[in-house]
Amino acid sequence: MSKIQHVLGISGGKDSAALAIYLKDKYPQFNFTYYFTDTGKELDETYTLIENLEGYLGAKINKLEDEGIKNSGEDPFDFFFKSYRGYLPSPQARWCTAMMKLKPFEKFVGDKPTMSYVGIRGDEQREGYISRQDNIQSIFPFRKNIWSQDVLRKIFDPKNQEQLLGYYSDFYSGNKLDKIVNEFSKPISFNLNYKLQTERIINEKLDGLLNVGIIEFNKSVFKFLKTTNYPISFEEDYPLLENEDNLVRADIFRLLEESGVGIPAYYNKVAYEVDGQKGEYARSRSGCYFCFFQQKIEWIWLYEQHPELFKKAMTYENEDELFTWIQNESLKELINPERIKQIKLDHIKRTGKEKSQGSKLLMDKLIDAEDGACTACFI
Ligand code: SF4
């Protein structure tokens, strides 16, 4: 029996669902444990996706539930909302992610060495959640670089350079090895005052090495990690070392469609008209229907497409205490007809401008809204 467990979190969003499909099809030898952390405030489409996915995977997606909360008769969000005395979560005070996503996940995983698979795509610039627990290692199969940022920092630490070059010399000699030496030799500082610069240099070195060879890079990193306490060090071999794929947004939609699991209905564009002008809106993310990461146009989408949920979201606000989902604006103010009109017109203008610049399609822009947001909830 393997000493390590392989876990995959299903958020209810498109990317984690597609990752489960992709890994099952491409690496049937893995025994994945799937999990879902339910906030109690998801859209129905999320539950439909999970049901469809269970059918495709032929496996159960474990719903992580806390017995204490379950016995309270409340759902997780309401339970914590009460314990935080009505203080709404926000991008600056994200108790919701910490209490409802990360804590149950770390409890579920326990002490066992664990590889956690994250569906960040090859066309995204963000980094996923990295556990502070040493026994949890994140892997990113959709990207050319499957390793997490903490691993890269070790790889490019000058004190490990010689060791890495030793592994590389098993694969390369001559010109190619010179290129590798050249990348490793570029100066780098891990001074915390120059964090952004360090990240930029790491990415440059990484690109340089991946351009020479992805598999050789992976194998060298693997050999290095075998000398550490990372969970992967327990593995004799690791099939993803040979993976050179780079999956982007279009691949994710294709995987969902071709598998029959389907794309969550909230991604479907809905047409609207205001002052004789036409626009389209949709929801860009999974997660709680009242998530504070959503854009104003998405709140209007919620108001017009799921009025009962919007009403429920309103009940959490306390205008006297200035506890509102959107900074400096209550939902009551947001649905003033003049305000709705203004938000829609702004949205039409913005998307029209982007289209005329030939940048991206509306849907791409909407979905981009998830970038920079909560990776534990929306992947
Ligand atoms: S979806 Fe939004 S509100 Fe819900 S837990 Fe995640 S960050 Fe918090």
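Given the structure is predicted, the values throughout are model-derived calculations rather than measurements. (Residues numbered from 1 in each chain as written. Predicted model: local features only at pLDDT ≥ 70, side-chain atom pairs only at ≥ 80, totals over all residues.)

**Let's talk about the overall build of the protein**
- Assigned secondary structure in the protein consists of 17 helices and 7 strands.
- The C-alpha radius of gyration computed for the protein amounts to 23 Å, which stays within 12% of the reference 21 Å derived for 379 residues, consistent with globular compactness.
- Considered along the principal axes of its C-alpha atoms, the protein spans approximately 70 × 55 × 45 Å.
- Residues counted as buried form 32% of the 379 residues belonging to the protein.
- In the protein, of all internal contacts separated by at least 6 residues, the share reaching a separation of at least 24 is 66%. (Helix = DSSP H or I, 4+ residues; strand = E, 2+ residues; numbered from the N terminus. Rg over C-alpha atoms; globule rule 2.2 N^0.38 Å. Buried ≥ 20, exposed ≤ 12 C-beta atoms within 10 Å, placed from the backbone. Contact = placed C-beta atoms within 7 Å.)

**What about the pairing of strand S4 (residues 114–117)?**
- Burial along S4 is two-sided: the face carrying Thr114 and Ser116 and the face carrying Met115 and Tyr117 are both buried.
- Where strand S1 (residues 5–9) and S4 come together, 4 bridges link them in parallel fashion. The residue of S4 that forms the bridge with valine 7 is serine 116.
- Looking at chain direction, S4 and strand S5 (residues 136–139) are connected through 4 bridges and run parallel. Its bridge partner lying in S5, methionine 115 is registered against glutamine 137. (Pairing = 2+ DSSP bridges.)

**Things to note about the UniProt feature "domain: Phosphoadenosine phosphosulphate reductase" (unreviewed entry) in the protein**
- Here the UniProt-annotated "domain: Phosphoadenosine phosphosulphate reductase" (unreviewed entry) positions come out as residues 6–126.
- Across residues 6–126, helical content stands at 46% and strand content at 13%; the span's end C-alpha atoms are separated by 22 Å. (UniProt positions renumbered as here; feature names shortened; annotations may be inferred.)

**Focus on the nonpolar core**
- Formed by 43 residues in total, the largest nonpolar core has its most connected members in Ile10, Ala17, Ala18, Leu19, Ala20 and Leu53.
- Here the element with the most residues in this core is helix H1 (residues 14–26); it accounts for 7 residues.
- For alanine 20, the contacting residues outside a window of four places in its chain are Leu8, Ile10, Tyr34, Leu53 and Leu57.
- Grouped together as the second largest cluster of nonpolar side chains are 21 residues, Tyr281, Phe292, Ile300 and Ala313 included. (Core = buried A, V, L, I, M, F, W, Y, C linked by C-beta atoms within 7 Å.)

**Section: the sheet that holds S4**
- Spatial strand order, S3-S2-S1-S4-S5: 5 strands in an open sheet with parallel pairing. Either end of the sheet is taken by a strand with one partner, and the two such strands are strand S3 (61–63) and S5. Pairs of neighbouring strands in the sheet enclose a mean axial angle of 35°, with direction left out of account.
- Those strands touched by H1 are S1, strand S2 (32–36) and S4, and its axis lies near 140° from that of S1. (Axes fitted to C-alpha atoms, helices over the stretch in contact; angles between N-to-C directions.)

**Describing unusual backbone geometry**
- At aspartate 275, a residue that is not glycine, the phi angle is positive and equals roughly 50°.
- Tracing the backbone shows aspartate 275 in the loop between strand S6 (270–274) and strand S7 (277–281).
- C-beta crowding within 10 Å serves as the criterion here: with 8 such atoms nearby, aspartate 275 is assigned to the exposed category.
- Backbone geometry places leucine 322, a non-glycine residue, at a positive phi of 65°.
- Leucine 322 sits in the exposed class, given 11 other C-beta atoms within 10 Å.

**Section: the packing of helix H7 (residues 161–168) against helix H8 (residues 174–185)**
- Packing of H7 against H8 brings their axes to within 11 Å, and their N-to-C directions diverge by 165°. Comparing their axes, H8 and H7 come out roughly antiparallel. For the element pair H7 and H8, the recorded crossing hand is right-handed. Touching Gln161, Leu164, Leu165 and Tyr168 of H7 are Leu177, Ile180, Val181 and Phe184, all from H8.
- Of the residues in the contact of H7 with H8, the class split is 7 nonpolar, 1 polar and no charged. (Parallel < 35°, antiparallel > 145°, perpendicular 65-115°, else oblique. Left-handed = near helix turned anticlockwise from the far one by under 90°. Nonpolar A, V, L, I, M, F, W, Y, C, P; charged D, E, K, R; others polar.)

**Considerations on the packing of H7 against helix H10 (residues 214–225)**
- In contact at an axis separation of 9 Å, H7 and H10 are set at 125° when each is read in the N-to-C sense. Our classification of the angle between H7 and H10 gives oblique. At the point where H7 passes H10, the crossing takes the right-handed sense. Residues Gln163, Leu164, Tyr167 and Tyr168 of H7 pack against Glu216, Ser220, Lys223 and Phe224 of H10.

**Considering the pairing of S1**
- Two strands pair when backbone bridges link them, and S1 and S2 are joined in this way by 4 bridges, in the parallel orientation. The partner of valine 7 across the bridge, within S2, is threonine 33.
- Crossover S1 to S2 through H1 is right-handed. (Right-handed = clockwise from strand over helix to strand, strands pointing away.)

**A look at the environment of asparagine 268**
- Its location among the elements puts asparagine 268 in the loop between helix H11 (249–259) and S6.
- Take asparagine 268: there are 13 C-beta atoms within 10 Å of it, and that puts it in the partly exposed class.
- For the pair asparagine 268 and glutamate 280, spaced 12 residues apart in sequence, the C-alpha to C-alpha distance is 9.6 Å.

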